[in-house]
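In case you want the letters, here they are:
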Amino acid sequence: MPLSVNLSSIINYIGITLVLHSTYSCLQHREKAITEFEVDVGTYQPPLDVIIEVLLGFCLCLFGQLMAVGPFLEVRATAASKKELMAPPHRTRDFDIYVTRGKVLAMAREKLKGL
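Here the structure is a predicted model, which means the values were calculated and not measured.

1. A few points about the overall build of the protein
Logical step 1: Broken down by element type, the protein carries 4 helices and 0 strands.
Logical step 2: If you list the helices and strands of the protein from N to C, you get α-α-α-α.
Logical step 3: Out of the 115 residues belonging to the protein, those deemed buried represent 13%.
Logical step 4: The long-range fraction of contacts in the protein, counting pairs at least 24 apart against all pairs at least 6 apart in sequence, stands at 75%.

Set out below in structure tokens:
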């Protein structure tokens, strides 16, 4: 099966690569800050370039996915309201069957009395 590469998949791959690279950069910078500068783990904040890289990667992934799905279709509210929704007769819904513990115990007592 040939691998089809289009613009949306290329944008997705670039976005994923940016997110993964920013993750590695953030972990590397965090380790360096903790060991060299004695920064407390709870007060550490990643550098601005890592945050920008994550946001850019996320936006590229989002844009690539939106390109991949194609054009958006119109939703018509009037057509949906005219159609009546019904469950098929061969299917039962669980919440329509009312069997409680009291009813089950009463049926069990009746069976025991019948023996």
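2. A few points about the side chain of Ser-8
Logical step 1: Along the chain, Ser-8 turns up in helix α1 (residues 7-37).
Logical step 2: Classification of Ser-8 by relative accessible area gives buried; the value is 8%.
Logical step 3: A polar contact is formed between the side chain of Ser-8 and the side chain of Asn-6, at a distance of 3.2 Å.
Logical step 4: Ignoring anything within four residues of it in the chain, the contact list for Ser-8 reads Gly-64, Met-67 and Ala-68.

3. Considerations on the side chain of Glu-53
Logical step 1: Counting through the fold element by element, Glu-53 comes out in helix α2 (residues 48-69).
Logical step 2: Buried and without a salt bridge, Glu-53 has Lys-32 as its closest oppositely charged side chain, separated by 15 Å.
Logical step 3: Ignoring any residue separated from it by four or fewer positions in sequence, one finds Glu-53 in contact with Leu-18, His-21 and Ser-22.

4. With respect to α2
Logical step 1: Along its 22 residues, α2 runs 32 Å from first to last C-alpha, staying within 8% of the 32 Å computed at 1.5 Å per residue.
Logical step 2: Along α2, the residues that are buried comprise Val-50, Glu-53, Gly-57, Cys-61 and Gly-64. Burial along α2 is one-sided: seen end-on, the buried residues are contained in an arc of 70°. Counted as exposed and oriented over 90 degrees from the buried face of α2: Leu-48, Phe-58 and Val-69.
Logical step 3: Buried-residue contacts for α2 involve α1.

Definitions and cut-offs
Residues numbered from 1 in each chain as written. Predicted model: local features only at pLDDT ≥ 70, side-chain atom pairs only at ≥ 80, totals over all residues. Heavy atoms only, no water. Helix = DSSP H or I, 4+ residues; strand = E, 2+ residues; numbered from the N terminus. Buried < 20%, exposed > 50% of the residue type's maximum accessible area, 1.4 Å probe, protein only. Contact = heavy atoms within 4.5 Å. Polar contact = N/O pair within 3.5 Å; in protein donor to acceptor, adjacent residues only side chain to side chain. Lys, Arg positive; Asp, Glu negative; His and termini not counted. Salt bridge = Lys/Arg side-chain N within 4 Å of Asp/Glu carboxyl O. Expected span 1.5 Å × (residues − 1). Arc of directions from axis to C-beta.

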